[in-house]
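Residues per chain, in single letters:
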Amino acid sequence: MHKAAFHWGQQDVILFDGWVLYTAKETFFTCLFFVMIGIVFQGIKFLRHQYGRRCRNAECKRYILSKGHVLQTLMYIVQFIWGYCLMLSAMTYNVWMLISVLSGFGLGYFLFGWGEFEDRSVVDPMTKQHRECGVECKATCSSSTTQELLLSDKNDIDFKQNDNGDVTGIMRCKCDDSEF
C-alpha cells in the first residue's frame, strides 16, 4: 500500500512493481541513481537552452524541420521523461528519495546553471539613461524572443525625438551566428 506521509522506512515501490527497496544498500544505490538523474536532467536542460540560442544560418531564421529543431525536441522529450521519473520517485514520500532528487537538481544546477546567464562582455547592458529614454532593440534578423540579439557596436544607438517631445532610441542589433 502507498504511504501518504513522509517516512524514512523501506519496502517502497519505486516506479515499477519490480523495483522495491528492501535493504539499506538498495536504498543507497537508488538514491545515488536519482542524484545522477537529477544532474543529467539539468545538463540536458542546459544543452537544450544553449543549443537553442545559436543561429544556424546567416539570416538567423529557424525552420521547424531543421536538424537543430529535431535535436532540441528530442532533448526536450528526454528531459520531460526524466523529470516525471524524478517527480514520481519523490512522490513515494520516502525522505531519502526526496533528498536524493533535490540533491541531484541542486548539484546539476551548480554544475550547469552558470550557463543560463548571459556573458556581460558580449552584451552591453543598457544604462539608466537608455532605459529612461525608452530604448528599443529592433533587430534586422529574427524577431523571436528566444533569439539572442547582440549590439553591433557599443555606440550604435540612434536617438530620435517624436512629435510629443519623447526621446527614443533604436539599437542596431545582429544575431549571434557562432557555431555550437
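Everything discussed here concerns the structure shown above.
Scoring rules and cut-offs
Residues numbered from 1 in each chain as written. Predicted model: local features only at pLDDT ≥ 70, side-chain atom pairs only at ≥ 80, totals over all residues. Heavy atoms only, no water. Axes fitted to C-alpha atoms, helices over the stretch in contact; angles between N-to-C directions. Helix = DSSP H or I, 4+ residues; strand = E, 2+ residues; numbered from the N terminus. Left-handed = near helix turned anticlockwise from the far one by under 90°. Contact = heavy atoms within 4.5 Å. Buried < 20%, exposed > 50% of the residue type's maximum accessible area, 1.4 Å probe, protein only. Polar contact = N/O pair within 3.5 Å; in protein donor to acceptor, adjacent residues only side chain to side chain. Patch = residues over 30% accessible without salt bridge, like charges linked within 9 Å, V, L, I, M, F, W, Y side chains within 5 Å. Areas by Shrake-Rupley, 256 points an atom, 1.4 Å probe, with all protein chains shown as cover. Salt bridge = Lys/Arg side-chain N within 4 Å of Asp/Glu carboxyl O. Expected span 1.5 Å × (residues − 1).

Things to note about the packing of helix H1 (residues 24-52) against helix H3 (residues 95-112)
- Packing of H1 against H3 leaves a shortest axis separation of 7 Å and a crossing angle of 35 degrees. In terms of crossing hand, the pair formed by H1 and H3 is right-handed. For the pair formed by H1 and H3, the contact residues are Thr27, Thr30, Cys31, Phe34, Val35, Gly38, Ile39, Phe41, Gln42, Gly43 and Phe46 on the first element and Trp96, Met97, Ser100, Val101, Ser103, Gly104, Phe105, Leu107, Gly108, Tyr109, Leu111 and Phe112 on the second.

What to know about the side chain of serine 100
- With respect to the helices and strands, serine 100 occurs in helix H3.
- According to the relative accessible area criterion, serine 100 is buried, its value standing at 4%.
- Looking at serine 100, its side chain comes within polar contact range of the main-chain oxygen of methionine 97, at 2.8 Å.
- Discounting residues that sit within four places of it in the chain, serine 100 has contacts with Cys31, Phe34 and Val35.

Structural notes on a nonpolar patch on the surface
- Nonpolar side chains collect at one region of the surface, where Leu15, Phe16, Val70, Leu74, Tyr76, Ile77, Phe80, Ile81, Tyr84, Met87, Leu88 and Met91 lie side by side and expose about 1,100 Å² of accessible area between them.
- Within the secondary structure, isoleucine 77 is located in helix H2 (residues 67-90).

Some words on H3
- The first and last C-alpha atoms of H3 sit 25 Å apart over 18 residues, in line with the 26 Å expected at 1.5 Å per residue.
- Restricting attention to buried positions, one finds in H3 the residues Val95, Met97, Ser100, Val101, Gly104 and Gly108.
- Check the buried side of H3 and you find it contacts H1 and H2.
- Here H3 starts with a cap whose side-chain oxygen sits 2.9 Å from the backbone nitrogen of tryptophan 96, and that cap is asparagine 94.

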